[in-house]
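Structure assessment
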Amino acid sequence: MAGFPLVHLDRHLKRLVQGHKRFAAICEEFKRPDGSFERRVVRVVTPGTLIDESFVNPFENNYLMSISSGSDGEDQIGMAWTDVATGEFFTQTIPQASLRDEVARIRPKEVVLQETLRKATSHPIKDALVEESAVVSYIGSGVQTLLPPKEENNLSVYETEAVGLLTSFMKGSLLEHMPGERELSHLLRPTHETTTGRLQMDSHTIKALEIREELREGGISGSLMSVVKRTVTSSGTRLLERWLCSPSASTLVINARQSLVAVFHHSPHFRSDVVTLLKETEDATRIVQKFILGKGDADDLKAIRDTIRVWDVIRNRIRAEMPDITKVSLSAQAATDWAALETIASQLTNMLALAERIDSALEDTELAPAKDSAGEEGDPTMPELSLGEALETEDSQTLPRTEDGLCTSTKTWTIKPKFSAKLTSLHRKLNKLHRQKTELEEDLRERTVDADVDALQGAQSLILNNSTIHGWHIRVPKARDARNMRNVEDLGLIDVSKSASSRTYFLGAWTTLGTSIAETEMAILHAERAAFNALRDEVKVVGSILRKNARIGDELDVATAFANLAVEMNFVRPTINESSVLDVVNGRHPTVELGLIRSGRNFVPNSVHLHPEGRLHFITGPNMAGKSTLLRQTAVIVILAQTGSYVPAESATIGIVDKVFARIGAKDDLFRDRSTFMVE
């Protein structure tokens, strides 16, 4: 592709990468010491390696997955997947027969396989990917894993091979944005997943229950996710989707989540305050990852600063709401619920020192969007000062001053002058040069007028200017002032050009002064870049703590969302235990119920009682009687309960369910009250 304006980059990437599933190589120019330029590819953008492009959906994960094929005859395969934009990294070893189900659960945008599988016309791994929309990529031999030593990780041989595929592909795609060894040592510690700790659903069940998207049209409208979503942050929405597709199978985890929901459910004002605060937080996980990948700007630092402050307010608000058990009598369940909230609040690390450090460095100015002030010396993403920008100053005789007496340039800066001694010195030098410019300008206005002529008739419009055509020059834009110019030769002014309304002159003194101003401003830009990189490194050092705090914020977001959902749709808290009982009294299908309410009708509830003496129920009825609805309703109630949510019923007791299957109503459109029979 030929070159194009940088502002159009995301538009072209969206069309190529998202629309046509193509790879796009980004080539940039870098200035050599001798002044010439070289071009090199700095990144290859693929569907699974998107970082901060404007078209990336912030409410869902953009996973890149690798699958190890293993040796012939082996049933086990390894999986590794990561969201390059957030840094979340997972691994798992599974039987080959489970691959299709796991891919449907994770829903990667791109899958990386070994090059040896490219020409294979039929292979179990490739066959499992047929029904998914993920782009399949291949990587050749010579794959080297970048994992810590074996004794520092608990990965199987299959997972280690998958991680090697994944990191090698990332290295070949991210190129200059690939994290360094220090960042990788923290980044490449994946979360090892197993099938024992969660409720398992195969690919058909996830689609049949319409958890993420509607079965017929594929959109989110009419899905379970669309009905229960009350989250207010993008990261909280991503967590909610993961929980819905991977409900927990641990009573401890489920009851802890329900305890948080219960506290917010019973305290509407407290819930409202926390939701309001959560709305003010930014996606800290993605910002930290941008910094690790060598991207980001000062606005991202401000977002981290503001989010840290909000976290502190949330922690204090929770502590203020905590009941005093010495003065208030609580039931055993209420005490457990508040203890769960106190536990999660205590895990929020106080990072106000970092927030104050960032605040002490950054100017409170709005920055231009979509600029990456990251990178090494000569990085083209750092905005450079052009000659035309060097002297975009207002014509004022008195420059504004800061509290410490420093005169300030009219140019907008990112880092405060007091952040470092070097910046302070450069700003003092720049302000001195600007005063000299003002004095020279005033002196020329006075001396270009004859002594016997009223000064008001002189060249009052004379300005010291700079342009790509004339360089450093003196411009008299008004025709009357141009005609009244006197003492031109005595002042050393050289006539460069003239027109009917203006004149342009050259003056050596102004060229020398202007060059000094431009060089000083360029030095400030480089000093600001160094200061920004230092601040960015400080954030990266505590990146794991920021991620942990962000995860706690996400859990609070989901908990308050479940509480709001329970209030709005009259959900109740289910009892979760290790029994073999499933007792749901007057349960409802939330998606169908919402569709009926919108059409002015009511849902007819159904009860289900499964116990060791009656494990099997046989359902009969005519077409459109609601058989599929009852089956799906029961599965959805179990999924919501084991996600940690309240459920749509009068009461519910649910023994832990390890697997859910659904094969009913392939053409059902329950949200619009259309059964398979009606559709056909």
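Structure first, text after, so check above.
To keep things clear, this report deals only with the structure shown in the data block. (Residues numbered from 1 in each chain as written. Predicted model: local features only at pLDDT ≥ 70, side-chain atom pairs only at ≥ 80, totals over all residues. Heavy atoms only, no water.)

A word on the pattern of salt bridges
- On inspection of all chains with the given rule, the structure shows 35 salt bridges.
- Taking the shortest distance from any N to any O, the salt bridge between Asp283 and Arg286 comes out at 4.0 Å. Both residues of the pair, Asp283 and Arg286, belong to the buried class.
- One salt bridge connects Arg357 with Glu538, and the closest N-O pair in it is separated by 2.9 Å. On the criterion of sequence distance, the pair formed by Arg357 in helix H14 (residues 352-361) and Glu538 in helix H18 (residues 508-541) is long-range, its members being 181 residues apart.
- When salt bridges with common partners are traced through the structure, they connect Glu60, Arg107, Lys109, Arg212, Glu213 and Glu241 into a single cluster. (Salt bridge = Lys/Arg side-chain N within 4 Å of Asp/Glu carboxyl O. Buried < 20%, exposed > 50% of the residue type's maximum accessible area, 1.4 Å probe, protein only. Helix = DSSP H or I, 4+ residues; strand = E, 2+ residues; numbered from the N terminus.)

Here we look at unusual backbone geometry
- Positive phi is not limited to glycine here, since Lys21 has a value of about 55°.
- In this structure, Lys21 sits in the loop between helix H1 (9-19) and strand E1 (24-31).
- The exposure class assigned to Lys21 is partly exposed, which follows from its relative accessible area of 42%.
- Of note in the backbone geometry, Glu210 takes a positive phi value of approximately 50° without being a glycine.
- For Glu210, the position within the fold is in the loop between helix H6 (203-208) and helix H7 (224-228).
- Note on Glu210: relative accessible area 5%, which makes it buried.

Details of the sheet that holds strand E11 (residues 471-476)
- Ordered by their spatial adjacency, 4 strands build an open sheet running E10-E11-E13-E12, and the pairing between neighbours is antiparallel. Because the sheet does not close on itself, it has two edges, and the strands there are strand E10 (463-467) and strand E12 (494-498). The average angle at which neighbouring strand axes cross in this sheet is 40°, direction not considered.
- In the sheet, E11 pairs with strand E13 (residues 503-506) via 3 bridges, with the strands oriented antiparallel. Note on E13: the bridge partner recorded for Val476 is Arg503.
- Running at roughly 120° to E10, helix H16 (residues 421-447) makes contact with E10 and E11 of the sheet.
- Packed on one face of the sheet, H18 meets E10, E11 and E13 and runs near 120° to E11. (Pairing = 2+ DSSP bridges. Axes fitted to C-alpha atoms, helices over the stretch in contact; angles between N-to-C directions. Contact = heavy atoms within 4.5 Å.)

Points about the packing of aromatic side chains
- Counting across every chain of the model gives 7 aromatic pairs.
- Pairing Tyr63 with Phe90 gives two aromatic rings, centres 6.4 Å apart and planes at 80°, and the pair type is edge-to-face. Separated by 27 residues along the polypeptide, Tyr63 in strand E3 (residues 63-68) and Phe90 in strand E5 (residues 89-95) bring together distant segments of the chain. Here the two residues Tyr63 and Phe90 agree in accessibility, since each one is buried.
- With a centroid separation of 6.3 Å and 20° between ring planes, the pair formed by Phe270 and Trp338 is classed as stacked. Taken together, the residues Phe270 in helix H10 (residues 268-278) and Trp338 in helix H13 (residues 332-346) connect sequence positions 68 residues apart.
- Here Trp338 falls in the buried class, since its relative accessible area comes to 13%.
- By the ring-pair criterion, three or more aromatic residues cluster together here, those being Tyr63, Trp81 and Phe90.
- Taking the ring centre of Phe30 as reference, the NZ or CZ of Arg40 above it sits at 3.7 Å.
- The side chain of Arg257 reaches across the aromatic face of Trp243, ending 3.6 Å from its centre. (Phe/Tyr/Trp six-rings, centres within 6.5 Å; stacked < 30°, edge-to-face > 60°. Lys NZ or Arg CZ within 6 Å of the ring centre and 35° of its normal.)

Quick word on the packing of helix H9 (residues 251-266) against helix H19 (residues 543-569)
- Two elements in contact, H9 and H19, have axes separated by 8 Å at closest approach and are oriented at 55°. By the criterion of interaxial angle, the relationship of H9 to H19 is oblique. The handedness of the crossing between H9 and H19 comes out as right-handed. Together, Leu260, Val261, Phe264 and His265 of H9 and Leu556, Ala559, Thr560, Phe562, Ala563, Ala566 and Val567 of H19 make up the contact between the two elements. (Parallel < 35°, antiparallel > 145°, perpendicular 65-115°, else oblique. Left-handed = near helix turned anticlockwise from the far one by under 90°.)

Describing the nonpolar core
- In this structure, Leu341, Ile474, Trp510, Leu546 and Leu556 are the most contacted members of the largest nonpolar core, which totals 112 residues.
- Ignoring any residue separated from it by four or fewer positions in sequence, one finds Leu556 in contact with Phe264, Leu278, Ile314, Ile318, Leu341 and Ile344.
- With 19 residues, the next largest nonpolar core counts Ile67, Ile77, Ile94 and Leu117 among its residues. (Core = buried A, V, L, I, M, F, W, Y, C linked by side-chain atoms within 4.5 Å.)

Examining the environment of Ser467
- Among the secondary structure elements, Ser467 is positioned in strand E10.
- Note on Ser467: relative accessible area 21%, which makes it partly exposed.
- A distance of 3.1 Å separates the side chain of Ser467 from the backbone nitrogen of His470, its partner in a polar contact. (Polar contact = N/O pair within 3.5 Å; in protein donor to acceptor, adjacent residues only side chain to side chain.)

Points about the packing of H9 against H13
- Contact geometry for H9 and H13: axes closest at 8 Å, N-to-C directions at 100°. Between H9 and H13, the crossing angle belongs to the class labelled roughly perpendicular. Residues Ala256, Ser259, Leu260, Ala262, Val263 and Phe264 of H9 form the contact with H13, whose own contacting residues are Gln333, Thr336, Asp337, Trp338, Ala340, Leu341 and Ile344.
- Of the residues in the contact of H9 with H13, the class split is 9 nonpolar, 3 polar and 1 charged. (Nonpolar A, V, L, I, M, F, W, Y, C, P; charged D, E, K, R; others polar.)

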